[in-house]
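# Understanding the architecture of this molecule
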Amino acid sequence: MSVKWLEASVETDNETSEAVLEVFSRYASRRVIIEAGPGGWNTGQVIVRAYLRADEQLGDRKRCVEESFWHLRQIGPVSELSFHPVAEADWTKVRRKRLKVLRVGCVVIRPPWLEHTPVSGEIVVQLDCKASFGAGLHPTTQMCLLALEKLVHPEVQMLDLGTGTGILAIAAAKQRAGRVLAMDKDSTAIAMARENVARNGVRNKVSLACGTLADVSESYDLVVVNILTKAIVKMAQQGLAERVRPGGRLIASGILADQEPEVAAALEQASFDLVERRQMGDWVCLIAKRRDLPDR
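So, here is what we can say about the structure in this document.

Reading the values: the criteria
Along each chain, the written sequence defines residue order, and numbers are assigned to residues from 1. Since the coordinates come from a predicted model, pLDDT governs what is reported: local features require at least 70, and pairs of side-chain atoms require 80 or more to be given and counted, while whole-chain, interface and lining totals use all residues. Side-chain numbers here rest on the full set of heavy atoms in the structure, without hydrogens or water. Secondary structure follows DSSP: runs of H or I at least 4 residues long count as helices, runs of E at least 2 residues long count as strands, and numbering of each begins at the N terminus. The quantity called the radius of gyration is restricted to C-alpha atoms. Its globule counterpart is 2.2 Å times the number of residues to the power 0.38. Partly exposed residues are those whose accessible area sits between 20% and 50% of the maximum for their type, while under 20% is buried and over 50% is exposed, using a 1.4 Å probe and protein chains only. Contacts are assigned to residue pairs that have any heavy atoms within 4.5 Å of one another. Where accessible areas are quoted, they stem from the Shrake-Rupley method and a 1.4 Å probe; at the residue level, only the protein chains shown are allowed to cover. In summary, the charge assignment counts Lys and Arg as positive and Asp and Glu as negative, without counting His or the chain termini. To locate a charge, take atom NZ for lysine, CZ for arginine, CG for aspartate or CD for glutamate. Centres within 6.5 Å are what make two rings of Phe, Tyr or Trp a pair, Trp counting through its six-membered ring; a difference in plane orientation under 30 degrees is then read as stacked, over 60 as edge-to-face, and the rest as tilted. Lysine NZ or arginine CZ positioned within 6 Å of the ring centre and within 35 degrees of the ring normal marks a charge as sitting over the ring. Each salt bridge in this description consists of a side-chain nitrogen of Lys or Arg and a carboxyl oxygen of Asp or Glu lying within 4 Å of one another. By the criterion applied in these results, polar contacts are pairs of N or O atoms within 3.5 Å in which, for protein atoms, one can donate a hydrogen and the other can accept it, and in which residues neighboring in sequence qualify only through two side-chain atoms. Nine residue types can take part in a nonpolar core, namely buried Ala, Val, Leu, Ile, Met, Phe, Trp, Tyr and Cys, and a core is a set of them joined through side-chain atoms within 4.5 Å. Interaxial angles span 0 to 180 degrees and are taken between N-to-C directions of axes, which are lines fitted to C-alpha atoms, for helices over the stretch in contact. Geometric relationships in this document are graded by angle, where less than 35 degrees denotes roughly parallel, more than 145 denotes roughly antiparallel, 65 to 115 denotes roughly perpendicular, and other angles denote oblique. Crossings are assigned a handedness: left-handed for a near helix turned anticlockwise from the far helix by less than a right angle, right-handed for a clockwise turn. Residue classes follow a fixed rule: Ala, Val, Leu, Ile, Met, Phe, Trp, Tyr, Cys and Pro count as nonpolar, while Asp, Glu, Lys and Arg count as charged, and any other residue, Gly among them, counts as polar. Strand pairing is assigned whenever DSSP identifies at least 2 bridges connecting the two strands.

Within the protein chain, the secondary structure is distributed over 8 helices and 14 strands. The globule rule puts the C-alpha radius of gyration for 296 residues at 19 Å, and the 19 Å found for the protein chain is close to it. Each principal axis of the C-alpha distribution contributes one length, and for the protein chain these read about 60 × 45 × 35 Å. The buried share among the 296 residues of the protein chain stands at 53%. Nonlocal contacts in the protein chain, meaning residues at least 24 apart in sequence, comprise 67% of its contacts between residues at least 6 apart. For the protein chain, the exposed area adds up to about 13,300 Å²; of that, 48% sits on carbon and sulfur atoms. Distance between charge centres in the protein chain, computed from 39 positive and 37 negative side chains, equals 6 Å.

Next up on the list: the packing of aromatic side chains. Evaluation of the coordinates by the stated rule reveals 1 aromatic pair. For the pair phenylalanine 24 and phenylalanine 69, a centre-to-centre distance of 4.9 Å together with 45° between the ring planes defines the contact as tilted. Taken together, the positions of phenylalanine 24 in helix H1 (residues 14-28) and phenylalanine 69 in helix H2 (residues 58-73) put the pair 45 residues apart, joining distant regions of the chain. There is no split in this pair, since phenylalanine 24 and phenylalanine 69 are both buried. In this arrangement the basic side chain of lysine 62 is found over the ring face of phenylalanine 83, its NZ or CZ atom lying 4.4 Å from the centre.

Quick look at the pattern of salt bridges now. On inspection of all chains with the given rule, the structure shows 13 salt bridges. As a salt-bridge pair, glutamate 276 and lysine 150 come within 3.0 Å of each other at their nearest N and O atoms. With glutamate 276 in strand E13 (residues 272-280) and lysine 150 in helix H4 (residues 139-151), this residue pair connects regions lying 126 residues apart in the sequence. Each member of the salt-bridge network shares a partner with another, and the members are Lys150, Glu276 and Arg278.

Okay, the side chain of threonine 165 next. Here threonine 165 shows up in the loop between strand E8 (157-161) and helix H5 (167-174). In this structure threonine 165 comes out as buried when scored by relative accessible area, which is 1%. Within polar-contact distance, the side chain of threonine 165 engages the backbone nitrogen of isoleucine 167 at 3.3 Å.

Attention now goes to the nonpolar core. The biggest cluster of nonpolar side chains holds 39 residues, and the ones touching the most others in it are Leu145, Leu148, Val206, Leu222 and Ile251. The contacts of leucine 145, once residues within four sequence positions are left out, are Val104, Val107, Ile109, Ile167, Leu168 and Ala171. In this structure, Leu159, Leu213, Phe272 and Ala288 belong to the second largest nonpolar core, which totals 27 residues.

So, about unusual backbone geometry. You will see that glutamate 155, though not glycine, has its phi angle at about 75°, which is positive. Looking at the element boundaries, glutamate 155 is found in the loop between H4 and E8. Judged by relative accessible area, glutamate 155 falls into the exposed class, the value being 57%. Backbone geometry places arginine 176, a non-glycine residue, at a positive phi of 80°. Overall, the relative accessible area of 56% leaves arginine 176 in the exposed class.

The interhelical angle for the contact between H1 and H2, taken along N-to-C directions, is 165°, at an axis separation of 10 Å. By the angle class used here, H1 and H2 are roughly antiparallel. Read as a crossing pair, H1 and H2 show a hand that is right-handed. Of the residues in H2, those in contact with Ala19, Val20, Val23, Phe24, Arg26 and Tyr27 of H1 are Arg61, Cys64, Val65, Ser68, Phe69 and Leu72. Classifying every residue of the contact of H1 with H2 gives 9 nonpolar, 1 polar and 2 charged.

What you see with strand E6 (residues 107-110) is no split at all: Val107 and Ile109 on one side and Val108 and Arg110 on the other are buried throughout. With 3 bridges joining them, strand E5 (residues 102-104) and E6 adopt antiparallel strand pairing. When the sheet's bridge partners are listed, leucine 102 is paired in E6 with isoleucine 109. Counting the residues that bridge the hairpin from E5 to E6 gives 2 residues, and of these glycine 105 lies at a positive phi of roughly 60°. Summarising the sheet, E6 and strand E7 (residues 123-126) pair through 4 bridges and their orientation is parallel.

What follows is the structure in structure tokens.
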């Protein structure tokens, strides 16, 4: 067996999973999977797996991961790391076994290797991905899809910050959004999103760019930020409201329930009014309307 990856996995709770994802993302880029524990998402227990490339830097990356998780266990309930070598073919099998046809509101997420016969009113998104954030499996992504179903209308101009697989941008385009800019700071994510955009035939509506909020120059009717609490708060402090047109909407997700007050306060300070709240298990999605900004 030709080993291409080293799977590193831990079990933790929803609150600590944010820190676990942040650590793993330093060393595994987008090959990170978050799964519900044996009792489902609502139990609060999750399993996080990362796939480290088996190259000449693997030993150094493995030591860095072990050191980071030693420190993390001092402040949160994180199990001991488990390591398992995985061949490229096995990684593909794991990914394909995990992904199923999934319906979220009017959107049906279909992996390219599975068949689905759409019924009237369904919007089918073909999605191939290498991470479960953005695969439609996680509550944060599902809440964003449900919010888009309500907020997307013909010709709406949308910005998707931290697009990942491109799922939200593609779903919006297929719901007749006028123009969508999908951005991510990870070039690997942009390459994956570009494949998915082409696969779904929405290249005429979805533009992709590698970058962050600082690289956005225009404002939009609808902005989606489905990432982590710290990043949302930071964006709010760095001018997120200026990228949303007056009266426009912001969808902010990836927020744990006990972190909601921090995010709500940051958005309020940044000239947003909260208009709707959604919750699945321990995860919260906030929808806000931008107030008029004072003249400078």
